[in-house]
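# Chain and residue survey
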Amino acid sequence: MKIDVLTIFPEFFGQVFDFGIIRRAKLAGIVEINVHDIREFAADKHRMTDDRPFGGGDGMVMKPEPIFAAVEHLTGAAERAEYPAATRVVMLSPQGRPLSQQIVRELAEDAVQIVIICGRYEGVDERVNDALVTDEISIGDYVLSGGEPAAVVLTDAIVRLLPEALGSETSAENDSFSNGLLDCPHYTRPAEFRGMKVPEVLLSGDHAEIEKWRREMAMQKTKKVRPDLLEGENG
Ligand code: SAM
């Protein structure tokens, strides 16, 4: 998979994709991640990427021309209808579909190239959404000052689901949301720490009982913290 991030602050990403699973996935050739400076696609002398809003009001709006030029350069297409198959262009926005593990899985399974647009200021000229964007995604009901942190969240969540990205020692199978539940609690050595003991069943070696206990704990936690996840299950 190829992930291209469009931003006016490329330095923001520094080494953020150079750790753990993402780093391994890059080195193994599972994913290629490139960060592009939108400014480089601005044709005017001052490389302007934002301007005042039509209709007045506070703040600035990101201009369409450099973003159209960047997306065209990266996808080879001037509009959504002409993208190569399996190309997705994501606009990060608080007005988008709330990101979920299901959306992450869909992108990880279906996309070959994902272009991620990071907004700033009041947001991006709406014509970018109209002509270029395939998916408008929000990472939650709050407003960030820019799309960059959201791009890191989205990229991380997608890359760990790419085939072979997790390696043999980890699995996404029992992660929260994978089977409609939150994950169960986890423990490691020592078996007793400051008087707090690891649940006996985990030391028993009885794998069937351990599985049962994990499922029960996942269910209890989900009921307590996220009962909404169980609504579909109960009818
Ligand atoms: N005026 C916009 C609104 O109220 O919908 C908010 C603009 S916000 C200050 C600037 C940029 O941050 C957005 O264009 C978007 O790229 C990013 N952003 C802010 N909150 C976000 C969220 N919850 N999810 C994804 N991106 C977000």
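Description of the structure in this document. Being a predicted model, the structure only gives us computed values, none of them experimental.

The rules behind the values
- Residues numbered from 1 in each chain as written.
- Predicted model: local features only at pLDDT ≥ 70, side-chain atom pairs only at ≥ 80, totals over all residues.
- Heavy atoms only, no water.
- Near = heavy atom within 4 Å.
- Polar contact = N/O pair within 3.5 Å; in protein donor to acceptor, adjacent residues only side chain to side chain.
- Areas by Shrake-Rupley, 256 points an atom, 1.4 Å probe, with all protein chains shown as cover.
- 1 Å grid on protein atoms, 1.4 Å probe; cavity = no way out; pocket = protein on both sides within 12 Å on 5 of 7 lines; lining within 4 Å.
- Sits in = over half its atoms within 2 Å of the grid points.
- Helix = DSSP H or I, 4+ residues; strand = E, 2+ residues; numbered from the N terminus.
- Contact = heavy atoms within 4.5 Å.

Quick look at the site of the ligand now. In the vicinity of the ligand there are 20 residues, among which L92, Q95, G119, Y142 and L144 approach most closely. Within the backbone of G119, an N or O atom sits 2.9 Å from an oxygen atom of the ligand. Here the ligand has 580 Å² of accessible area as a free molecule, and 85% of this is covered by the chains. Applying the majority rule of atoms within 2 Å of the grid points places the ligand in the largest pocket. Where the shell around the ligand is concerned, the elements lending two or more residues are β5 (87-98) and β7 (135-138). Element by element, the count of residues in the shell around the ligand is highest for β5, at four residues.

This next bit is on the environment of G180. Position of G180 relative to the elements: it lies in the loop between α5 (148-159) and β8 (192-193). With 79 residues separating them in the primary sequence, G180 and Q101 have C-alpha atoms 9.9 Å apart. In this structure G180 touches T222 and L229, once residues within four positions along its chain are discounted.

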